[in-house]
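Listed below, chain by chain, are the residues.
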Amino acid sequence: NRRDLEWDDDLKARLLNVIVDESSRLTTIVNDLLLASQLDGGRLDVHIESCDALGLAESVAAAARTHLPDGVQVELVPVADGVPPVAADEAQLRQVLDNLLDNAIKYSPAGGDVRLGVEAATGDVRLCAVVVDCDEATGRARKIERLMLT
């Protein structure tokens, strides 16, 4: 505990947020390594349960917003109808959504937006990330890439 340093409350709060964010990122890296190890060993432990795809997408989008490049925004597309629960391994589904969104952000042009959508379909729930860019000549958004998981 250093007494020669004085930090205001705002700086302390920002630093704590950085610690929380980086701890979460480290947890993700460790989980990726554990998954790679399971796959190398020829087994993958899954725990199928009912999970809220929309709530999960909201959580993933909120986490992604904490470390966006300049000029890129992440938006969760509003859902017209209710989305039913899905039977999935929530941790694995979160990892898939994280990767889907990370790739969409990575390949989004500066000033581009990423829209994450969740929608109910006949017998399915669709999750998609769409990378959009604003056409400088017209000022209208144009779709660049659509990544989908059904």
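Residues numbered from 1 in each chain as written. Predicted model: local features only at pLDDT ≥ 70, side-chain atom pairs only at ≥ 80, totals over all residues. Heavy atoms only, no water.

A. Spatial organisation of the overall build of the chain. Looking only at helices and strands, the chain has three helices and six strands in total. If you list the helices and strands of the chain from N to C, you get α-β-α-β-β-α-β-β-β. The buried share of the chain, taken over its 150 residues, is 24%. Put simply, 59% of the contacts in the chain that link residues at least 6 apart link residues at least 24 apart. (Helix = DSSP H or I, 4+ residues; strand = E, 2+ residues; numbered from the N terminus. Buried < 20%, exposed > 50% of the residue type's maximum accessible area, 1.4 Å probe, protein only. Contact = heavy atoms within 4.5 Å.)

B. Representation of the pattern of salt bridges within the structure. The final tally for this structure, using the stated rule, is four salt bridges. Between Arg43 and Asp45 there is a salt bridge whose closest N-O contact spans 3.2 Å. Of the residues examined, Asp45 reaches a relative accessible area of 39% and is grouped as partly exposed. (Salt bridge = Lys/Arg side-chain N within 4 Å of Asp/Glu carboxyl O.)

C. Geometry of helix α1 (residues 9-40). Between the first and last C-alpha of α1 there are 46 Å, a value that for 32 residues agrees with the 46 Å anticipated at 1.5 Å per step. With a side-chain oxygen lying 3.2 Å from the backbone nitrogen of Asp10, the N-terminal cap of α1 falls on Asp8. Among the residues trailing α1, Gly42 stands out with phi positive, at a value near 80 degrees. (Expected span 1.5 Å × (residues − 1). Polar contact = N/O pair within 3.5 Å; in protein donor to acceptor, adjacent residues only side chain to side chain.)

D. Focus on the environment of Asp102. Among the secondary structure elements, Asp102 is positioned in helix α3 (residues 90-106). What makes Asp102 partly exposed here is its relative accessible area of 36%.

E. Local environment of the confidence of the model for the chain. Put simply, the chain has an average pLDDT of 78, and 82% of its residues get 70 or more. Strand β6 (residues 141-149) is the least confidently modelled element of the chain, averaging 50 in pLDDT, while strand β1 (residues 49-51) averages 91, the highest of any element. Below pLDDT 50 for its whole length, residues 137-142 participates in 10 contacts with residues either more than four positions away or in separate chains. (pLDDT = per-residue confidence, 0-100.)

F. Region of interest: the side chain of Gln95. By secondary structure assignment, the location of Gln95 is in helix α3. When sequence neighbours within four positions are dropped, the list of residues in contact with Gln95 reads Asp32 and Leu35.

G. Structural detail: the nonpolar core. If you look at the biggest cluster of nonpolar residues, it comprises 23 residues, and the most contacted ones within it are Val86, Leu93, Leu101, Ile105, Val114 and Val118. If you list the elements that add at least two residues to this core, you get α2 (53-64), β3 (86-88), α3, β4 (113-121) and β5 (124-134). (Core = buried A, V, L, I, M, F, W, Y, C linked by side-chain atoms within 4.5 Å.)

H. Quick look at a nonpolar patch on the surface. Among the surface-exposed residues, Leu26, Ile29, Val30, Leu33 and Leu34 lie close enough to one another that they form a single nonpolar patch of about 480 Å² accessible area. With respect to the element layout, Leu26 can be found in helix α1. Note on Leu26: relative accessible area 52%, which makes it exposed. (Patch = residues over 30% accessible without salt bridge, like charges linked within 9 Å, V, L, I, M, F, W, Y side chains within 5 Å. Areas by Shrake-Rupley, 256 points an atom, 1.4 Å probe, with all protein chains shown as cover.)

I. Focus on the packing of α2 against α3. Relative to each other, α2 and α3 sit at 45 degrees, their axes nearing to 10 Å. By the angle between their axes, α2 is oblique relative to α3. Once α2 is placed against α3, the crossing between them reads as right-handed. From α2, Leu56, Ala57, Ser59, Val60, Ala61 and Ala64 reach across to α3, where they touch Glu90, Leu93, Arg94, Leu97, Asp98, Leu101 and Ile105. (Axes fitted to C-alpha atoms, helices over the stretch in contact; angles between N-to-C directions. Parallel < 35°, antiparallel > 145°, perpendicular 65-115°, else oblique. Left-handed = near helix turned anticlockwise from the far one by under 90°.)

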